[in-house]
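Now for the letters of each chain:
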Amino acid sequence: MLRPESPRWQGYVEDTVTIDWQTPPVMEKARELASGCADDVAKARSVYLFVRDRIAHSVDAGRDDLPCRASEVLAAGTGIGFSKSHLLAALLRAVGVPSGFCYQVLRRSPDGAETLLYGFNGVYLPSRERWIGLDARGNRPGLSAEFSIEEPRLAVTADPACGEWIYPLIWTRPAAVIVDLLSRNKSLSRIAEHVPAELPGVAREASAPSAR
């Protein structure tokens, strides 16, 4: 079960260098997406579908763009999964929906042992008093992620039987190793083989206070 790393709500709504939701373009887009939404669930769904469907995944679109900051992802209209998770968190925070960052470790290929990190979002719905997992990677044949307030419906889900796992924590900020990777490289082709295998120094079963 996903649970927050911090009992302090401020971290899940803060504006940061990477999750720069207070920049005018992000705030404007967030207001547009939330317009007419009756509650937090409707807002979260509207924002999620925009990032999933309207912000192209760089690989699927054949683009080499590698934005990192949320405002950069919005301006580029594309990004890899990590980048899209930054934008999703920023837009959600801009409409008052707390959000953070989750990671899972997957095999690079079905028949291989090498792994890589994969990011998605943890989102809190006050009206439901619960955290949910959302993956805005973008759908394509063989990969399908959906908005769900029950069990997370990710594009790809870790299989423990194959040595894969999901870190149980929802972090307030994106992993430093990912921000560093995206910030230092502006070309997707330069990082293809450098996505980390897992979160450095973080145990698989990281512990934190309960989400309650």
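Residues numbered from 1 in each chain as written. Predicted model: local features only at pLDDT ≥ 70, side-chain atom pairs only at ≥ 80, totals over all residues. Heavy atoms only, no water.

Asks: Outline the pairing of strand S5 (residues 115-125), supporting the account with residue identities and numerical values.
Replies: Within S5, 10 of the 11 residues are buried, which leaves it mostly tucked inside the rest of the structure. In terms of strand pairing, strand S4 (residues 99-107) meets S5 through 9 bridges, oriented antiparallel. Looking at the pairing, Arg107 lines up with Thr115 of S5. Where S5 and strand S6 (residues 130-134) come together, 5 bridges link them in antiparallel fashion. Bridge assignment links Gly122 to a residue of S6, and that residue is Gly133. Count of turn residues in the S5/S6 antiparallel hairpin: 4 residues, of which Glu129 carries a positive phi of about 50°. (Buried < 20%, exposed > 50% of the residue type's maximum accessible area, 1.4 Å probe, protein only. Helix = DSSP H or I, 4+ residues; strand = E, 2+ residues; numbered from the N terminus. Pairing = 2+ DSSP bridges.)

Asks: Mind laying out the pattern of salt bridges, listing which residues take part and the relevant values?
Replies: It is possible for side chains bearing opposite charge to pair when their charged atoms get close. On inspection of all chains with the given rule, the structure shows 11 salt bridges. Between Glu146 and Arg52 there is a salt bridge whose closest N-O contact spans 3.1 Å. Residue Glu146 is found in the loop between S6 and strand S7 (165-166), and its partner Arg52 is found in helix H2 (residues 40-54); the two are separated by 94 residues along the sequence. Glu164 is the salt-bridge partner of Arg107, the closest N and O atoms lying 3.2 Å from each other. Note that Arg107 is positioned in strand S4 and Glu164 in the loop between S6 and S7, a separation of 57 residues in sequence. The class for Arg107 is partly exposed, based on a relative accessible area of 24%. Given the relative accessible area of 8%, Glu164 is considered buried. Among the charged side chains, a network of salt bridges with common partners joins Arg52, Asp53 and Glu146. (Salt bridge = Lys/Arg side-chain N within 4 Å of Asp/Glu carboxyl O.)

Asks: Mind laying out the confidence of the model for the chain, listing which residues take part and the relevant values?
Replies: When pLDDT is averaged across the chain, the result is 93; 97% of the residues are at 70 or more. Across residues 207-212 the pLDDT falls below 50, and counting only partners more than four positions away or on other chains, this stretch makes 14 contacts in the model. (pLDDT = per-residue confidence, 0-100. Contact = heavy atoms within 4.5 Å.)

Asks: Describe the packing of aromatic side chains, naming the residues involved and giving the relevant values.
Replies: By the definition in use, this model includes 10 aromatic pairs. Each ring, one from Trp9 and one from Trp131, has its centre 5.8 Å from the other, and the planes form 10°; the classification is stacked. Of this pair, Trp9 sits in the loop between strand S1 (3-4) and helix H1 (24-34) while Trp131 sits in strand S6, and the two are 122 residues apart along the sequence. Between Phe82 and Tyr103, the aromatic rings sit 6.3 Å apart at their centres with planes inclined by 40°, giving tilted as the arrangement. Here Phe82, found in helix H5 (residues 81-94), pairs with Tyr103, found in strand S4; they are 21 residues apart in sequence, far enough to count as distant. On the basis of relative accessible area, Phe82 is assigned to the buried category, the value being 6%. (Phe/Tyr/Trp six-rings, centres within 6.5 Å; stacked < 30°, edge-to-face > 60°.)

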